[in-house]
Amino acid sequence: MIRLAGIDIGNDSVKLVVNGQGEPTIIPNVVSPGYERLVLQEEDSPLKALDVMVYSPKLRKKSARYFVGLIASEDPDNSEQEETDNKATSDQSLIVALTALAYASVTGPSVPREPGQTTEEAEYVIGTGLPVRAYARYHQTFEERLVGEHEVTFLSTPKLRGRTVRLFIRRAIVSVEGAAALFNMATHDNLQVRDEELYYGCIGICEMGALTTDFPVVNRMSIDNQFSTGEQLGLASYLDSIVRDVEDQFGYRFPSRTKLVQRIRRNEYLIQRVGEGQADIRPIVDAYFNRAAQKIVDLIRKRWKKYPDIQCFYVLGGGAAALKPYILEAADTMRLRFVENSELQNVYGYLKLAKNKMSQLEAGSL
Ligand SMILES: Nc1ncnc2c1ncn2[C@@H]1O[C@H](COP(=O)(O)OP(=O)(O)OP(=O)(O)O)[C@@H](O)[C@H]1O
Ligand SMILES: [Mg+2]
């Protein structure tokens, strides 16, 4: 059985949807060195303690143990993606992506196992993507890194302890971030046109991720080579500034951006200071998010002026979710569009584009 999946290997989090399986799997793109850990009480979900041995010929360290995702986000020795990282060549991103694929293989409907069998095999065709500016140079490298045979063993992970998944990635169909999101919004699951304006129009996209913001312009579902562009700037640098200012002002250190975002999502702005007393970090968050929103709005205005044929502009990605109220304020009379679950639009788009490609190939081979 070959599974078809969309995987958005984001600098903030890896998002995975497998065709026919329900909810997406989301794993923060955070990794720390793994070791034999002391488990006093098992976590209630495997995603809270991904402790894995990853083998892949594409990694510099071909085989090593890592804590991945949430468990790593608490670890002082963790690493998150930095501006200089390129997701097409990053080992860390590949480690998290393989862990996500292995996790989906053992938790989704799988081939029945023989008694005593600990190694399972999972075959995938995946759709994925790169930022506008990385696409031309790196899409082939990225595809070659993903395609092939890899292996993931879950170690102290609750419910999955000792299970090994051999992953065979047969094909990787690489698309462009932001443009894939639009394809998702314009089509139904069966790939029929859902929204004629989006499908046949000239649409501007601003997709703000953690480290990059993509501005594809898509005309009748084709990416405009001349006007599409991207910026090496995302929400992460603002989050890093917030982490730093909070530490300077209150002596409270967030161990990772992920931990800060978890709080912002829950609207929890009060932090506990060492000793007694609490502090409100809201003013710091507001200051940086206002700045980020202003920057995004300026960039959009500039793009739209350059290319007035654009009928409407969508603001997408996790950055849009985080900054929506601030962007609306900064945009003043310029009308911008937002959608629900904006950080998942790409991954659903990748799955649809992979489906589309596979059906074209099948039709061609008949
Ligand atoms: N609802 C939300 N509220 C606040 N912040 C959010 C929300 N959703 C996502 N974010 C944050 O927005 C940023 C961008 O998220 P997104 O998932 O789009 O990044 P990514 O796709 O992993 O990164 P990139 O596109 O650079 O590879 C992240 O820092 C993320 O933590
Ligand atoms: Mg992204």
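Just so you know, these numbers come straight off a predicted model, no measurement behind them. (Residues numbered from 1 in each chain as written. Chains lettered and ligands numbered in written order. Predicted model: local features only at pLDDT ≥ 70, side-chain atom pairs only at ≥ 80, totals over all residues.)

### Some points on the overall build of the chain
Item 1. Secondary structure summary: the chain contains ten helices and 18 strands in total.
Item 2. Taking 21 Å as the expected radius of gyration for a compact globule of 366 residues, we find that the chain reaches 21 Å, a close match to that expectation.
Item 3. When the backbone C-alpha atoms are referred to their principal axes, the chain occupies close to 70 × 65 × 30 Å.
Item 4. The 366 residues of the chain split such that 46% are buried. (Helix = DSSP H or I, 4+ residues; strand = E, 2+ residues; numbered from the N terminus. Rg over C-alpha atoms; globule rule 2.2 N^0.38 Å. Buried ≥ 20, exposed ≤ 12 C-beta atoms within 10 Å, placed from the backbone.)

### Some details on the nonpolar core
Item 1. Membership of the largest hydrophobic core comes to 106 residues, with the highest contact counts inside it found for Ile7, Leu16, Val68, Ala100, Leu182 and Ile205.
Item 2. No other element matches the ten residues that helix H2 (residues 91-107) contributes to this core.
Item 3. When near neighbours in sequence (up to four residues on either side) are disregarded, Leu16 contacts Ala5, Ile7, Pro24, Thr25, Ala100, Leu101, Ala104 and Val347. (Core = buried A, V, L, I, M, F, W, Y, C linked by C-beta atoms within 7 Å. Contact = placed C-beta atoms within 7 Å.)

### A look at the domain arrangement of the chain
Item 1. Assigned domains of the chain: these are domain 1 (2-176) and domain 2 (196-346).
Item 2. Inter-centroid distance (C-alpha atoms) of domain 1 to domain 2 is 26 Å.
Item 3. With 20 residues of domain 1 at the contact, the number on the domain 2 side is 21 residues.
Item 4. Its residues assigned to classes, the side of domain 1 that touches domain 2 shows seven nonpolar, six polar and seven charged. (Domains from an automatic or database assignment. Nonpolar A, V, L, I, M, F, W, Y, C, P; charged D, E, K, R; others polar.)

### So, the site of ligand 1
Item 1. Taken together, 23 residues form the shell around ligand 1, and within it Gly10, Asp12, Gly209, Gly318 and Ala322 come nearest.
Item 2. Of all elements in the fold, only helix H6 (235-250), helix H7 (257-265) and helix H9 (317-331) reach the threshold of two or more residues within the shell around ligand 1.
Item 3. Looking at which element gives the most residues to the shell around ligand 1, the answer is H9, with five residues.
Item 4. Across the shell around ligand 1, the residue classes break down as nine nonpolar, nine polar and five charged.
Item 5. A domain-level breakdown of the shell around ligand 1 finds at least three residues from each of domain 1 (2-176) and domain 2 (196-346). (Near = placed C-beta within 6 Å.)

### Quick look at the environment of Gly234
Item 1. Among the secondary structure elements, Gly234 is positioned in the loop between strand S15 (229-231) and H6.
Item 2. Classification of Gly234 as buried rests on a count of 26 C-beta atoms within 10 Å.
Item 3. C-alpha of Gly234 to C-alpha of Arg60: the two residues are 174 residues apart in sequence and 27 Å apart in space.
Item 4. Those residues in contact with Gly234 that sit more than four places away from it in its chain are Met208, Gly209, Ala210, Leu211, Thr212, Thr213 and Gly319.

### Some thoughts on the packing of H6 against H7
Item 1. It is at 10 Å that the axes of H6 and H7 come closest, and there the two elements cross at 90°. With respect to each other, H6 and H7 are oriented roughly perpendicular. Residues Ala236, Leu239, Asp240, Ile242 and Val243 of H6 touch H7, and the partners they reach there are Arg257, Leu260 and Val261.
Item 2. Residues of the contact of H6 with H7, tallied by class, amount to six nonpolar, no polar and two charged. (Axes fitted to C-alpha atoms, helices over the stretch in contact; angles between N-to-C directions. Parallel < 35°, antiparallel > 145°, perpendicular 65-115°, else oblique.)

### Considerations on helix H8 (residues 282-306)
Item 1. The terminal C-alpha atoms of H8, which comprises 25 residues, lie 36 Å apart, in line with the 36 Å expected from a rise of 1.5 Å per residue.
Item 2. Turning to H8, its buried residues are Ile284, Val285, Phe289, Ala292, Ala293, Ile296, Val297 and Ile300.
Item 3. Packed against the buried residues of H8 are strand S11 (202-208), H6, H7, strand S18 (312-316) and H9. (Expected span 1.5 Å × (residues − 1).)

### A closer look at the environment of Gly318
Item 1. Among the secondary structure elements, Gly318 is positioned in helix H9.
Item 2. Classification of Gly318 as buried rests on a count of 23 C-beta atoms within 10 Å.
Item 3. C-alpha of Gly318 to C-alpha of Asn219: the two residues are 99 residues apart in sequence and 24 Å apart in space.
Item 4. Not counting residues up to four positions away in its chain, the partners in contact with Gly318 are Asp12, Gly209, Ala210, Leu235 and Glu343.

### Some details on the packing of H6 against H8
Item 1. Across the interface, H6 lies against H8 with an axial gap of 10 Å and an inter-helix angle of 155°. The angle between H6 and H8 falls in the class roughly antiparallel. Seen from above, H6 lies across H8 with right-handed handedness. Packed against H6, whose contacting residues are Leu235, Tyr238, Ser241, Ile242, Asp245 and Val246, the element H8 presents Ile284, Val285, Tyr288, Phe289 and Ala292 at the interface.
Item 2. Looking at side-chain class alone, the contact of H6 with H8 contains nine nonpolar, one polar and one charged residues. (Left-handed = near helix turned anticlockwise from the far one by under 90°.)

### Observations regarding the sheet that holds strand S1 (residues 2-9)
Item 1. Strand order in this open sheet of ten strands is S3-S2-S1-S8-S10-S9-S5-S6-S4-S7, and the pairing throughout is mixed. The sheet is open, and its two edges are formed by strand S3 (25-28) and strand S7 (79-80), each paired on a single side.
Item 2. Direction of pairing for strand S2 (residues 13-18) relative to S3: antiparallel, over a ladder of four bridges. Bridged to Val14 within S3 is Ile27. (Pairing = 2+ DSSP bridges.)

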